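Single-letter residue listing:
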Amino acid sequence: MSQWIYFFDLCGTAVFALSGALAAGKHRMDPFGVIVLASVTAIGGGSIRDALIGATPVFWIRDPNYIIVILATVLACLVLVRKPHKLPTLTLPVADALGLALFTVIGAEKALLMGLSGMIAVVMGLITGVGGGIIRDLLCRQIPMVLRTEIYATASIVGGICYTLSLAVGMDSMTSMFIAMISILIIRLSAIRWHLSLPAFDLKTKRI
Amino acid sequence: MSQWIYFFDLCGTAVFALSGALAAGKHRMDPFGVIVLASVTAIGGGSIRDALIGATPVFWIRDPNYIIVILATVLACLVLVRKPHKLPTLTLPVADALGLALFTVIGAEKALLMGLSGMIAVVMGLITGVGGGIIRDLLCRQIPMVLRTEIYATASIVGGICYTLSLAVGMDSMTSMFIAMISILIIRLSAIRWHLSLPAFDLKTKRI
Amino acid sequence: MSQWIYFFDLCGTAVFALSGALAAGKHRMDPFGVIVLASVTAIGGGSIRDALIGATPVFWIRDPNYIIVILATVLACLVLVRKPHKLPTLTLPVADALGLALFTVIGAEKALLMGLSGMIAVVMGLITGVGGGIIRDLLCRQIPMVLRTEIYATASIVGGICYTLSLAVGMDSMTSMFIAMISILIIRLSAIRWHLSLPAFDLKTKRI
C-alpha cells in the first residue's frame with residue numbers, strides 16, 4: 001500500500017516539475033534556471049509542510065529519488081518539448097491540476113500518518129498541493145492561481161475534506177485517495193473548461 | 001498571566017485574519033481564497049518564527065484554536081462586511097497596526113521564554129509582527145508595507161526594544177507588554193495619520 | 001581550518017547585507033527597512049537551508065555575530081554611501097557575485113559536515129547562495145536574478161559541483177573552496193561583463 005503512495009508522490013513530483021519547467025520556458029530561462037523553477041514547484045509545497053510539522057530533514061533530503069525524478073523530467077522536457085506550437089494550450093493547466101490532486105492527497109495522508117487531526121490534515125494537503133505552485137507564480141511575477149477567482153484552493157480543500165471523510169466512514173486508503181483525487185480533478189478541470197468561479201468576496205466594486 | 005498572553009495571541013490572530021480577508025476582498029477572491037489569504041496573514045509570521053527557532057510542529061498545528069479563530073473571522077467578515085462604502089478607509093491600516101502591536105509583543109515574549117537573548121527577541125518580534133503582512137502583500141503583488149518609507153518595521157523594532165528594556169528594568173510582564181503595544185500603536189497610527197516617515201536611504205535620486 | 005570557514009561566512013554575510021542595503025537604497029527605504037532587507041538578503045538563504053535540514057535554531061539565532069555584522073554593515077553603508085554618483089554601476093552585481101561564491105561554498109560545506117550526499121550538498125550550496133537574493137528581489141518586486149537568462153543559478157551549481165568533485169579527488173578543504181569560489185566568480189563576472197547567457201529554454205517565441 002505505502003508503495004502506491006510513494007509511486008503517486010513521485011508521479012506528482014514529475015507532473016509539478018513539468019509544470020514548473022513549462023512555466024520557465026514561457027519566461028525564456030536558461031537550463032539551470034529551468035531546474036530551479038521545476039524544483040521549487042515540485043518540492044516547495046512538501047518542504048513547507050515538513051518544515052512546519054518538524055519532519056526534518058525534509059523528505060527530498062532523505063530520499064534522493066525526488067531530485068532524480070525532477071532532473072529526469074527537466075531533461076526530458078528540454079529535449080522533447082521543442083515545438084511549442086504543437087503543445088495544446090491546456091497542457092500547463094491540466095498538468096497543474098493533476099499535480100494538485102496528487103499532492104493534496106499525499107499531504108493529507110502524511111499528516112494523518114503523523115497522528116494529526118483531520119482539520120490539520122486538510123490544511124497540510126492544501127499546503128502540499130498549492131505551496132509549490134504559489135512559489136512558482138511568485139518567482140514568475142504572476143498573480144498566484146490561488147488568488148484568482150477560478151476555483152483552485154477550493155478544489156484542494158474540498159479534496160482534502162473528501163479524503164478525511166472517506167477514511168472516517170471506514171473506506172480503505174486507496175479508495176479514499178481515488179475519490180479525493182477524482183473530485184479535485186473534476187472540480188479543477190471543470191473550472192478551467194467552463195471558467196467557473198465561486199461568487200467572489202468583492203470589496204472593490206461598489207454596490208449600493 | 002500566560003492566559004492573557006494566549007488571549008492576546010488569539011486577538012492578534014483574529015485582527016490579522018481580518019486584515020488578510022479585507023485585502024482578499026479588494027482582489028475579488030473566492031471564499032476559499034479568502035481563507036487562504038487570511039490564514040497566511042494571521043499565522044505566517046508566527047510559523048516562520050517557530051520554524052527558525054525549531055519549535056515544531058508550529059503553534060497552530062499543536063493548538064487548533066488558531067485555525068478556528070481564523071475560520072470564524074473569515075465567516076464573520078464574509079457575512080457582515082458586505083457594504084464596502086460603509087467601511088472607513090482606515091479600517092485595513094488600523095487593523096494591521098493593531099495586529100503588528102500584538103504580534104510583535106507575542107513574538108518577543110515567546111523568544112524570551114525559550115531563553116533567547118534580548119536582541120534575538122526583538123528580531124523574533126519583528127518576524128512575528130511583519131512576516132504575515134509581507135506574505136499577504138507578496139501574494140497580492142503589492143510592494144510590502146515594510147518597503148515603503150512609512151514607518152512600519154521601525155514601529156515593530158522600537159516596540160520590541162521597549163518590551164525587552166521594560167522587562168530589563170524590572171517591570172512586570174503585563175506592564176511591559178502594555179508599554180510596547182502602546183508605543184507601536186502610537187508610532188504606526190501617527191505615521192498613517194500624518195504620513196510621517198524617517199529620512200529615506202536614497203541611492204536613486206542623484207544629489208551633488 | 002573551521003576558523004577560516006567561519007571568517008568566510010561572516011564576510012559573505014557582510015557582502016550580501018551590503019547588496020541588500022544598496023537595493024534598499026534604490027527603493028528609498030527608511031533605515032529600519034534597510035536593516036530588514038539587508039538581513040533577509042544576508043541570512044535568508046542560510047535560514048531556509050537550516051530549516052530544511054532541521055539544524056534549528058538556525059545559525060544566526062545561536063550565534064549573534066551574524067546580526068552584529070549585518071547591523072555594522074548597514075550602519076557603515078548608511079554613513080559612507082551617500083554619494084551615489086560616485087558608486088561604480090557594477091558595485092551591486094559584483095558584491096552579489098562575491099556573496100554568491102562565498103555562500104555557495106559555505107552551504108555545500110555545511111551539508112557535507114552533516115553527512116549528506118554530494119548531490120544534496122550542491123543543492124544546499126545553491127539554496128544558501130541564491131535564497132537570500134531571491135527573497136530580496138521578490139520584496140523589491142524585481143524579477144529574481146535567477147530567472148533571467150544571465151548565468152546565475154548556473155554559476156552556483158557549477159561551483160557546488162567543482163567543490164564536491166575537488167574534495168572527492170582528494171584535495172584539501174581550503175583548495176577545494178578556493179577552486180569553487182574562483183570558478184563561480186569567473187562564470188558570474190564574465191556573464192555580467194559580456195552579457196553571456198546559456199541558450200534559453202524558450203516556449204514563448206514560436207519557431208517553425
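Residues numbered from 1 in each chain as written. Chains lettered and ligands numbered in written order. Predicted model: local features only at pLDDT ≥ 70, side-chain atom pairs only at ≥ 80, totals over all residues. Heavy atoms only, no water.

Chain A is annotated in an unreviewed UniProt entry as Membrane protein of Shewanella inventionis. The record held by UniProt for chain A lists under Subcellular location (unreviewed entry) the comment "Cell membrane". Looking at the Sequence similarities (unreviewed entry) heading of the UniProt record, one finds this comment for chain A: "Belongs to the UPF0126 family." (UniProt positions renumbered as here; feature names shortened; annotations may be inferred.)

(A) Highlighting the relation of the copies chain A and chain C. Once chain A is rotated about the relating axis by 120 degrees and shifted along it by 0.0 Å, it coincides with chain C to within an RMSD of 0.0 Å. Viewed as a symmetry operation, the transformation between the two copies matches a three-fold axis. Across chain A, the rotation axis passes nearest the C-alpha of alanine 51 of chain A, at a separation of 3.7 Å. Comparing contact sets, just 6% of the residues at the interface of chain A also lie at the interface in chain C, consistent with a heterologous contact between different surfaces. (Least-squares fit on C-alpha atoms with pLDDT ≥ 70 in both. Contact = heavy atoms within 4.5 Å.)

(B) Summary view of helix 6 (residues 118-139) of chain C. Residues and elements named next belong to chain C. Helix length check: helix 6, at 22 residues, gives a terminal C-alpha distance of 32 Å against a target of 32 Å (1.5 Å per residue), a fit within 8%. The largest bend along helix 6 measures about 40 degrees and falls at valine 130. Most of helix 6 sits inside the fold, with 19 of its 22 residues counted as buried. A positive backbone phi angle near 55 degrees is found at arginine 141, which sits one or two residues after helix 6. (Helix = DSSP H or I, 4+ residues; strand = E, 2+ residues; numbered from the N terminus. Expected span 1.5 Å × (residues − 1). Bend = angle between axes of the 7 residues up to and from the residue. Buried < 20%, exposed > 50% of the residue type's maximum accessible area, 1.4 Å probe, protein only.)

(C) Broad picture of the packing of aromatic side chains. A complete count under the given rule lists twelve aromatic pairs over all chains for this structure. Each ring, one from phenylalanine 16 of chain A and one from phenylalanine 103 of chain A, has its centre 5.2 Å from the other, and the planes form 50 degrees; the classification is tilted. Of the two residues, phenylalanine 16 of chain A sits in helix 1 (residues 2-26) while phenylalanine 103 of chain A sits in helix 5 (residues 91-113), which places them 87 residues apart along the sequence. With respect to class, phenylalanine 16 of chain A is no different from phenylalanine 103 of chain A; both count as buried. Connected via pairs of aromatic rings, a cluster forms that spans Tyr6, Phe59 and Tyr66 of chain A. The aromatic ring of phenylalanine 59 of chain A is capped on one face by arginine 49 of chain A, whose charged end is 5.5 Å from the ring centroid. Above the face of the phenylalanine 59 of chain B ring, lysine 110 of chain B is positioned so that its terminal group lies 4.8 Å from the ring centre. (Phe/Tyr/Trp six-rings, centres within 6.5 Å; stacked < 30°, edge-to-face > 60°. Lys NZ or Arg CZ within 6 Å of the ring centre and 35° of its normal.)

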